[in-house]
Amino acid sequence: MILTNTPTTDKERAEHFHLVSIRFACLLTTKQDPMECPRVQQRIAKLECQLMACNPSLLFIKQFEDRAGEIGSELAMRYNHNTGRITLWRNTPLHQSGTVSQLRTSV
């Protein structure tokens, strides 16, 4: 996970700032799909602009370009270099998705 690495270059520090910002926005959202949250969308757009202005660092490329990389214990992100778009989703099994259903009617 890129957030556990200490950024050493200016490019890595800028990316790290955006990734932490995205992670906290995802943690604060009440939506099941974080891509539906306007705050998450705004922060992803800022990272996309950063990556368009300055090419991604090697660490970012190894972690996220055309593959799913974790930005938290339950969040995964992918960066498509060809389109310049970022996709983010929850990386949890269905039984942990927050949906609660009643198993038995009587005990």
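For the structure itself, look to the data block above.
This one's a predicted model, so the numbers in the text were calculated from it and none came from an experiment.

Draft legend 1. Structural view of the overall build of the protein chain. Counting its regular elements, the protein chain contains three helices and three strands. Each helix and strand of the protein chain, placed in order from N terminus to C terminus, yields the pattern α-α-α-β-β-β. Classification of the 107 residues of the protein chain by burial places 34% in the buried group. Look at the contacts in the protein chain between residues 6 or more apart in sequence, and 46% of them connect residues 24 or more apart. For the protein chain, the accessible area works out to roughly 7200 Å², and carbon and sulfur atoms hold 52% of it.

Draft legend 2. Main features of the pairing of strand β2 (residues 75-80). Inspection of the sheet shows strand β1 (residues 69-70) paired to β2 by two bridges, in the antiparallel sense. Opposite G69, over in β2, you have M77 as the bridge partner. Counting the residues between successive antiparallel strands, the hairpin from β1 to β2 contains four residues. Between β2 and strand β3 (residues 85-90), which pair antiparallel in sequence order, lie four residues; one of them, G84, sits at a positive phi of approximately 75°.

Draft legend 3. The arrangement of the packing of aromatic side chains in detail. Taken as a whole and assessed by the stated rule, the structure comprises two aromatic pairs. Taken together, a centroid distance of 5.0 Å and an interplanar angle of 45° make the contact between F60 and F64 tilted. Taken together, the positions of F60 and F64, both in helix α3 (residues 58-64) and four residues apart, correspond to about one turn of that helix. Residue F64 is classed as buried on the basis of its relative accessible area of 0%. Each ring, one from F60 and one from Y79, has its centre 5.7 Å from the other, and the planes form 65°; the classification is edge-to-face. Residue F60 is located in helix α3, and its partner Y79 is located in strand β2; the two are separated by 19 residues in the primary sequence.

Draft legend 4. Local environment of the environment of R39. Note on placement: R39 falls in helix α2 (residues 38-53). Through-space distance from the C-alpha of R39 to that of L28 is 9.4 Å; in sequence the pair is 11 residues apart. For R39, the residues in contact, after removing those within four places along its chain, are A25 and L28.

Draft legend 5. A look at the packing of helix α1 (residues 10-28) against α2. In the contact formed by α1 and α2, the axes pass within 9 Å of each other and the chain directions differ by 165°. The orientation of α1 relative to α2 falls into the category roughly antiparallel. For α1 against α2, the interelement crossing comes out left-handed. Facing A14, E15, H18, L19, S21, I22, A25, C26 and L28 of α1, the residues of α2 in contact are R39, V40, R43, I44, K46, L47, Q50 and L51. The residue makeup of the contact of α1 with α2, split by class, is 10 nonpolar, three polar and four charged.

Calculation criteria
- Residues numbered from 1 in each chain as written.
- Predicted model: local features only at pLDDT ≥ 70, side-chain atom pairs only at ≥ 80, totals over all residues.
- Heavy atoms only, no water.
- Helix = DSSP H or I, 4+ residues; strand = E, 2+ residues; numbered from the N terminus.
- Buried < 20%, exposed > 50% of the residue type's maximum accessible area, 1.4 Å probe, protein only.
- Contact = heavy atoms within 4.5 Å.
- Areas by Shrake-Rupley, 256 points an atom, 1.4 Å probe, with all protein chains shown as cover.
- Pairing = 2+ DSSP bridges.
- Phe/Tyr/Trp six-rings, centres within 6.5 Å; stacked < 30°, edge-to-face > 60°.
- Axes fitted to C-alpha atoms, helices over the stretch in contact; angles between N-to-C directions.
- Parallel < 35°, antiparallel > 145°, perpendicular 65-115°, else oblique.
- Left-handed = near helix turned anticlockwise from the far one by under 90°.
- Nonpolar A, V, L, I, M, F, W, Y, C, P; charged D, E, K, R; others polar.

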